[in-house]
Amino acid sequence: MSSHGPAMPMTAHPGQSLTGTAEVPGDKSISHRSLILGAMAVGETRITGLLEGQDVLDTAKGMRAFGAEVEHLGVGEWAVHGVGVGGFAEPLDLIDCGNSGTGVRLLMGAMATSPISVTFTGDASLRKRPMSRVTDPLSQFGTQAFGRAGGRLPMTVVGADDPVPVQYTVPVPSAQVKSAVLLAGLNAPGKTVVIEPEATRDHTERMLKGFGAEIEVERQDNGRIITLTGEPELQPQTIAVPRDPSSAAFPVCAALIIPGSDVLVPGIGLNPTRAGLFTTLRDMGADLTFENEREEGGEPVADLRAKFSPNMKGIEVPAERAASMIDEYPILSVVAAFAEGKTEMPGVKELRVKECDRIDAMVKGLSANGVVLDEGADWFSVDGMGPSGVPGGGVAETFLDHRIAMSMLICGMAAKKPITVDDAGPIATSFPIFSELFTSLGARLGDA
Ligand code: S3P
C-alpha cells in the first residue's frame, strides 16, 4: 500500500482494444457491512465474494480488535463469529482504518452506544476528512468525541454508557452518516429514526432486515423515514456479496471509449441507489446492455455488456441522480472527455470530501492531458473532444485516491499518447486485481 510505502507510478499506453470477460471484485459497501453486522450478530456469519481490498481488510482487523472472531477461509470466503449487539470489547490499541471513510464512520457508529473508548486514525487522506458529520449525530445518543481541529482524525470516541434513542435528519446525502446512526441505534433502547431527504445507497437498511432487526422505511414528502427498533438479537447470515457496480464502472467505461472493444462484466449488483452511472451512459448514447437480468440475495443483478461507442454526446447529468452515482463522477468525466459536446455535472459538492477533492483532482488530471474543464463549488463540466480525441501525454496526480488513479489510467488507454499516474498504490484499497484484469482484457499497463 502506497499510503504506507513509496509511491508506485504507473503508465497506461493507448492502442489496444479491450475484449473478453471482466470479473470485478465484490461490492465494497456490502463487504464492510457484512463484517460489521456479522460481528454484531450472535453466532457464525458466512460470507462469500468479500472484497479483499485494503479498506475491507482494515475493517476486518477492526472487528477483531472489538472482540469478534474473523476468519479467512479461502478466496473471498470469510467467517465471522459475532459477539452480539452491545458485546464489543474495548480495543487495546489504536484502530487504523487506513484510507477508508466508510470503515471509520461505520465503526464509530457501531461502537458509539457501547461503554468503551476507541481511538481511530487513518492514512494522510483519511486524516483530512470530516468526521463531525458522524460524531455530531452520535453525540445525541450520549457519545463523546475528541479529535483534532475541524473534527479530524486521530479521534477518540467515548461510547455512551446509557444511550438514548435518536431522531436525526441527515443534512448531507451520505449513506455513511445514515448508517453510523442506524448502527448506533442498535444498542440504544426504543426507536431510532433517521430521516433522509435524498435517498442514498440502502445496503444498511436491507442488510439489517436480513439480520433480523425490526426496521421500517416509509417514503414521505420530506424524504425516506427509517425507523429502527433498538436492542435486537441479530441472527447470523449467509451472505453472497454481489460484484461492485462502482468497480464495474471501470471496464464498462473503458470499453465504451477504446476503439474495437467489447467487454462482458458479469454479475453486477444493480441496486437502484447505486446504478445511476449506467442510466447516464445510456443517456449519452453508450452501447451498454444488461443481459441475464435476475435477483440474487434480494438485490437486482445483471451481466453488463459494453461496446465501443464512438457517437456519445455530452449531457447535463440530473443533479437528483448524483447520490446514486457519487463514486462514478471521476470515470464519467473521462467518458465525457471522449464524447461530443459539453457534459455538465451539477449537485456534486460531496465529491470535494471524498478520498481527495475529486473535482479538483479530475480537473487537474484531465487538464494536464489536454482536456478543457470548468468547475464551481458544487459542479464541474467537461468539454468533450469528440472525434478529435484526447491528446494525453501528461502525468496525473492521484492524491491517495484509488478512483482518480483508475480513471486517469483508463483515460490513458484511450488517449492519443500514454498517461502516467504518480501513484497507483491506492488502487489496492478497492480493486486489487485492476492491473491483472485490464492486462487480461488487452490493456498495456506498465511502470512509468
Ligand atoms: C459509502 C457511501 C458513500 C460512498 C462511499 C461508500 C458507503 O460515501 O462515497 O464510497 O458504503 O456507505 P458518503 O456516505 O460519504 O456519500
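Model, not experiment: these values are computed from the prediction.

Here the focus is the site of the ligand. All residues adjacent to the ligand are Ser29, Arg33, Thr102, Pro173, Ser174, Ala175, Gln176, Arg201, Ile326, Asp327 and Lys354. Compared with its free state, where it exposes 380 Å², the ligand has 94% of that area covered by protein. Those elements that place two or more of their residues in the shell around the ligand are helix H1 (28-40) and helix H5 (175-185). For the shell around the ligand, a count of residues per class yields three nonpolar, four polar and four charged.

Here the focus is the domain arrangement of the protein chain. Domain boundaries in the protein chain define domain 1 (10-26 + 242-447) and domain 2 (28-238). Between the C-alpha centres of domain 1 and domain 2 the distance comes to 29 Å. Counting residues at the interface gives 25 residues for domain 1, matched by 26 residues for domain 2. Buried surface at the junction of domain 1 and domain 2, summed over both partners, amounts to about 2000 Å²; 48% is from carbon and sulfur atoms.

The next thing to look at is the side chain of threonine 45. Tracing the backbone shows threonine 45 in strand S3 (residues 42-48). Here threonine 45 falls in the buried class, since its relative accessible area comes to 0%. Separated by 3.2 Å, the side chain of threonine 45 and the backbone nitrogen of glutamine 237 make a polar contact. With near-sequence residues (within four places) excluded, threonine 45 lies in contact with Gly38, Trp78, Ala79, Val80, Phe211, Pro236, Gln237 and Ile239.

Moving on to the sheet that holds strand S8 (residues 144-148). An order of S6-S7-S9-S8 is seen for the four strands of this open sheet, with the pairing classed as mixed. Taken across any chain shown, the strands that pair with only one partner, and hence form the sheet edges, are strand S6 (95-96) and S8.

Here we come to unusual backbone geometry. Across the junction of leucine 153 and proline 154, the peptide omega takes the value -5°, indicating a cis bond. Inspection of the secondary structure puts proline 154 in strand S9 (residues 152-158). For leucine 400, which is not a glycine, the phi torsion comes out positive at approximately 60°. When you line up the elements, leucine 400 lands in the loop between strand S21 (395-396) and helix H11 (402-414).

Procedures and definitions
Residues numbered from 1 in each chain as written. Predicted model: local features only at pLDDT ≥ 70, side-chain atom pairs only at ≥ 80, totals over all residues. Heavy atoms only, no water. Near = heavy atom within 4 Å. Areas by Shrake-Rupley, 256 points an atom, 1.4 Å probe, with all protein chains shown as cover. Helix = DSSP H or I, 4+ residues; strand = E, 2+ residues; numbered from the N terminus. Nonpolar A, V, L, I, M, F, W, Y, C, P; charged D, E, K, R; others polar. Domains from an automatic or database assignment. Contact = heavy atoms within 4.5 Å. Buried area = accessible area lost by both parts, 1.4 Å probe. Buried < 20%, exposed > 50% of the residue type's maximum accessible area, 1.4 Å probe, protein only. Polar contact = N/O pair within 3.5 Å; in protein donor to acceptor, adjacent residues only side chain to side chain. Pairing = 2+ DSSP bridges.

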